[in-house]
Amino acid sequence: MKKTYLIPEDYMADPSVHVWNGRLYIYPSHDWESGIPENDNGDHFNMKDYHVFSTDDLEAVIRGEQKLTDHGVVLSVEDIPWHGRQLWDCDVQEKNGKYYMYFPLKDRNDIFRFGVAVADRPEGPFIPQPAPMMGSYSIDVAVLKDDDGQQYFYFGGIWGGQLQRYKDNKALESAYLPEGDEPALPSRVARLRDDMLEFAEEPRPVLVVDKDGKPLKANDPHRFFEASWVHKYNGKYYFSYSTGDTHYLCYAIGDNPYGPFTYQGVILTPVVGWTTHHCIVEFKGKWYLFHHDSVPSGGRTWLRSLKVCELHYDADGKIQTIEGMD
Ligand code: FUB
């Protein structure tokens with residue numbers, strides 16, 4: 001499977017990609033060498049701004065005939081009134097001609113919250129709201145705009161993503177990460193309010209179940225860890241995610257945006273670098289997997305590079321597994 005590095009001149013990771021007005025827009029995290037030592041908390045992912053990239057001819061970019069347009073810095077950490085540190089995976093959605101960027105960021109108490117920043121155009125600049133979204137926590141957002149116009153906010157990530165510090169949307173006194181045969185900690189989803197600035201409801205767990213309807217267990221190498229993404233194919237909802245410490249991208253299929261989602265298989269086998277993170281998008285009749293790896297940085301896991309390759313389905317809607325090391 002041919003894969004192409006999209007932004008060889010800089011380190012970009014955690015892609016979220018959308019198509020608006022016939023143009024493809026890429027919203028990545030922006031890695032840099034901040035000198036913070038690597039640890040399980042992810043402190044070395046010390047990102048401080050976002051760029052937006054776009055193209056109207058992805059195939060020409062893949063052939064090396066064109067470059068993506070870099071729209072420059074569209075939001076910086078110091079412009080966010082409540083900021084602490086670490087701008088991780090963002091996503092953008094559109095409503096009534098306005099564009100809403102959702103981003104996780106640690107506040108001054110080192111707690112991840114989500115913020116919203118608003119723009120008149122998909123390429124920004126994005127103006128941040130004064131405070132984090134009420135009741136928001138953890139990391140890694142993906143927003144699905146469903147065919148009826150409702151917007152669903154998926155989020156969550158364990159370990160450094162802090163999801164294990166919450167139960168029933170309340171902060172725990174002590175973090176609790178399930179082990180062994182216990183059900184794995186699920187991602188969360190909440191419908192967004194009409195103004196796109198807050199949750200319209202309490203976040204609900206996103207259950208990934210096996211063929212018998214039982215939630216995947218904490219010791220299953222294919223259980224959810226972080227990096228939620230949802231796309232629709234043939235009327236079904238495909239929930240995909242990273243398994244973190246087992247380094248796969250996996251997916252599950254459901255009949256509605258809340259799930260449950262039945263586990264299907266591996267989209268991408270492990271890549272070079274600890275993290276794996278992706279999105280899946282259709283553009284001009286082809287499906288693409290955007291993701292990252294750490295090959296260009298010589299395996300430095302906090303300096304990741306954005307890649308794209310085509311993604312194919314079987315006749316029954318199953319995604320064909322892609323080799324991460326190819
Ligand atoms: O980029 C920082 C974190 O690494 C993301 O939030 C995770 O999904 C992983 O890619």
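Note that this is a predicted model, so its numbers are computed, not measured.

### Looking at the pairing of strand β21 (residues 278-283)
Thought 1: Where burial is concerned, most of β21 is hidden: five out of the six residues are buried.
Thought 2: With antiparallel pairing between neighbouring strands as the criterion, β21 and strand β22 (residues 286-293) make up a hairpin whose turn holds two residues, including K284 at a positive phi of roughly 50 degrees.

### Quick word on the packing of aromatic side chains
Thought 1: Applying the stated criterion to the full structure yields 31 aromatic pairs.
Thought 2: When the centroid spacing of 6.2 Å and the interplanar angle of 40 degrees are considered together, the rings of W20 and Y25 count as tilted. Summarising the burial analysis for this pair, W20 and Y25 share the class buried.
Thought 3: Ring pairs connect the aromatic residues Y102, F114, Y137, F153, F155, Y166 and F199, which therefore count as one cluster.
Thought 4: Residue placement shows K48 over the ring face of W32; its charged tip is 4.2 Å from the ring centre.
Thought 5: In this structure, R204 packs its charged tip against the face of Y258, placed 3.7 Å from the ring centre.

### A few points about the sheet that holds strand β15 (residues 204-206)
Thought 1: The four strands are arranged β10-β11-β14-β15 in an open sheet whose pairing can be described as antiparallel. Two strands close off the open sheet at either side, each with one partner strand: β10 (142-145) and β15. Pairwise comparison of adjacent strand axes, ignoring direction, gives a mean angle of 30 degrees for this sheet.
Thought 2: When strand β11 (residues 151-155) meets strand β14 (residues 187-191), the two strands line up antiparallel, connected through four bridges. In the sheet register, Y154 faces β14, and the bridge partner there is V189.

The rules behind the values
Residues numbered from 1 in each chain as written. Predicted model: local features only at pLDDT ≥ 70, side-chain atom pairs only at ≥ 80, totals over all residues. Heavy atoms only, no water. Buried < 20%, exposed > 50% of the residue type's maximum accessible area, 1.4 Å probe, protein only. Helix = DSSP H or I, 4+ residues; strand = E, 2+ residues; numbered from the N terminus. Pairing = 2+ DSSP bridges. Phe/Tyr/Trp six-rings, centres within 6.5 Å; stacked < 30°, edge-to-face > 60°. Lys NZ or Arg CZ within 6 Å of the ring centre and 35° of its normal. Axes fitted to C-alpha atoms, helices over the stretch in contact; angles between N-to-C directions.

Structural measurements only, silent on function.
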